[in-house]
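Letter by letter, the chains look like this.
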Amino acid sequence: MPKINGNEIRPGNVLEHNGGLWAAVKVDHVKPGKGGAFAQVELRNLRNGSKLNERFRSADKVERVRLEQKDQQFLYESDGMLVFMDAETYEQIELPAELLGERRPFLQDGMTILVEFHESEALNATLPQKVTCKIVETEPVVKGQTAANSFKPALLDNGVKVMVPPFIGQDEMIVVNTETMEYSERA
């Protein structure tokens, strides 16, 4: 595995530190008036989600880990575990539902998501950026209501509430951005 200098750490890098795998969440480069420059790095443990703030001097060497990314198809959920299948090898893996956090409702049957592996251990799962959902409940469409930035609440078929433009009606299909959890466009 390649070693990098402490001042080369970037957000999103995965590091091996203190015997664990950590993702750099936030990196601040600090140059104090006295003494050498260092990087103040906020790390998140990929196995248990704990956070750690660490300082790395530019002379410090850290192991940078490359994660293997594979497409996995979602099959079903049982006892808080999500079951995925590799489309090529048909191997099944289980991941805890907490891994997706508040984006869990957007996971649909048969959906293909990106799972990151270190050796053979699955560490992270990423949903597609855009997901199509159906509106089950919203206020009726009002003609002539074209004021800019007037949004109304809508309940989706997965139980999530999003704000939609006034021209969107009930039973319509919309595209939702899973990163921001906001309305994107009509489907």
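Residues numbered from 1 in each chain as written. Predicted model: local features only at pLDDT ≥ 70, side-chain atom pairs only at ≥ 80, totals over all residues. Heavy atoms only, no water.

### Topic: the overall build of the chain
Moving on, step 1. In terms of regular secondary structure, the chain is built from 0 helices and 16 strands.
Moving on, step 2. Rg of the C-alpha trace for the chain: 21 Å, well past the compact-globule value of 16 Å for 187 residues, more than 25% over.
Moving on, step 3. Across the 187 residues of the chain, 37% fall into the buried class.
Moving on, step 4. Within the chain, contacts between residues at least 6 apart in sequence are counted, and of these 43% link residues at least 24 apart.
Moving on, step 5. Of the roughly 11,300 Å² of accessible surface on the chain, 46% is carried by carbon and sulfur atoms.
Moving on, step 6. Where the 22 positive side-chain charges of the chain centre and where its 29 negative ones centre are 10 Å apart. (Helix = DSSP H or I, 4+ residues; strand = E, 2+ residues; numbered from the N terminus. Rg over C-alpha atoms; globule rule 2.2 N^0.38 Å. Buried < 20%, exposed > 50% of the residue type's maximum accessible area, 1.4 Å probe, protein only. Contact = heavy atoms within 4.5 Å. Areas by Shrake-Rupley, 256 points an atom, 1.4 Å probe, with all protein chains shown as cover. Lys, Arg positive; Asp, Glu negative; His and termini not counted. Charge placed at Lys NZ, Arg CZ, Asp CG, Glu CD.)

### Brief notes about the sheet that holds strand 3 (residues 20–30)
Moving on, step 1. The antiparallel open sheet is built from 6 strands, whose spatial order is 1-6-2-3-4-5. Both edges of this open sheet fall to strand 1 (3–5) and strand 5 (51–57), since each of them pairs with a single strand only. Recorded for the sheet is a direction-independent mean angle of 50° between the axes of neighbouring strands.
Moving on, step 2. One ladder, built from 7 bridges, connects strand 4 (residues 38–45) with strand 5; its direction is antiparallel. Its bridge partner lying in strand 5, glutamate 42 is registered against asparagine 53. (Pairing = 2+ DSSP bridges. Axes fitted to C-alpha atoms, helices over the stretch in contact; angles between N-to-C directions.)

### Some words on the packing of aromatic side chains
Moving on, step 1. Under the counting rule described, the total for this entry stands at 1 aromatic pair.
Moving on, step 2. Relative to phenylalanine 84, the ring of phenylalanine 74 has its centre 5.6 Å away and its plane inclined at 55°; by these criteria the two rings are tilted. In this pair, phenylalanine 74 sits in strand 7 (residues 68–78) while phenylalanine 84 sits in strand 8 (residues 81–86), placing the two residues 10 residues apart along the sequence. In this pair, the class of phenylalanine 74 matches that of phenylalanine 84, namely buried. (Phe/Tyr/Trp six-rings, centres within 6.5 Å; stacked < 30°, edge-to-face > 60°.)

### Looking at the layout of surface pockets
Moving on, step 1. In this structure, the largest pocket spans a volume of roughly 250 Å³.
Moving on, step 2. Around the largest pocket, the lining comprises 15 residues; the ones closest to its centre are Gly12, Asn13, Val14, Ala23 and Glu116.
Moving on, step 3. At 3 residues, the largest contribution of residues to the lining of the largest pocket is made by strand 3.
Moving on, step 4. Within the lining of the largest pocket, the residues separate by chemical class into 8 nonpolar, 3 polar and 4 charged. (1 Å grid on protein atoms, 1.4 Å probe; cavity = no way out; pocket = protein on both sides within 12 Å on 5 of 7 lines; lining within 4 Å. Points joined across faces, edges and corners; volume = space filled by probe spheres on them. Nonpolar A, V, L, I, M, F, W, Y, C, P; charged D, E, K, R; others polar.)

### Focus: the pairing of strand 14 (residues 161–164)
Moving on, step 1. Every second residue of strand 14 is oriented toward a common face, the buried set being Val162 and Val164 and the non-buried set Lys161 and Met163.
Moving on, step 2. Pairing of strand 13 (residues 152–156) with strand 14 involves 4 bridges; the strand directions are antiparallel. If you follow proline 153 over to strand 14, its bridge partner there is methionine 163.
Moving on, step 3. Linking strand 13 to strand 14, which pair antiparallel, is a turn of 4 residues; within it glycine 159 sits at a positive phi near 90°.

### Here's the deal with the environment of valine 14
Moving on, step 1. Turning to its location among the elements, valine 14 is positioned in strand 2 (residues 14–17).
Moving on, step 2. Sequence separation between valine 14 and arginine 66 is 52 residues; the distance between their C-alpha atoms is 7.0 Å.
Moving on, step 3. Residues within four places of valine 14 in sequence aside, it is in contact with Leu21, Trp22, Ala23, Leu46, Glu63, Arg64, Val65 and Leu67.

### Comments concerning the environment of asparagine 177
Moving on, step 1. Looking at the element boundaries, asparagine 177 is found in strand 15 (residues 173–177).
Moving on, step 2. Residue class for asparagine 177 comes out buried when judged on its relative accessible area of 15%.
Moving on, step 3. It is 19 Å that separates the C-alpha atoms of asparagine 177 and phenylalanine 167, two residues lying 10 residues apart in sequence.
Moving on, step 4. Excluding residues that lie within four positions of it along the chain, asparagine 177 makes contacts with Gln129, Glu182 and Ser184.
Moving on, step 5. A distance of 3.5 Å separates a polar side-chain atom of asparagine 177 from the backbone nitrogen of threonine 180. (Polar contact = N/O pair within 3.5 Å; in protein donor to acceptor, adjacent residues only side chain to side chain.)

### Description of the side chain of glutamate 116
Moving on, step 1. With respect to the element layout, glutamate 116 can be found in strand 10 (residues 112–118).
Moving on, step 2. There is no salt bridge for the buried glutamate 116, and the closest opposite charge comes from arginine 44, which lies 7.4 Å off by N-O distance.
Moving on, step 3. A polar contact is formed between the side chain of glutamate 116 and the side chain of glutamine 69, at a distance of 2.9 Å.
Moving on, step 4. Once residues within four sequence positions are removed from consideration, glutamate 116 is found in contact with Leu67, Glu68, Gln69, Glu121, Ala122, Leu123 and Asn124. (Salt bridge = Lys/Arg side-chain N within 4 Å of Asp/Glu carboxyl O.)

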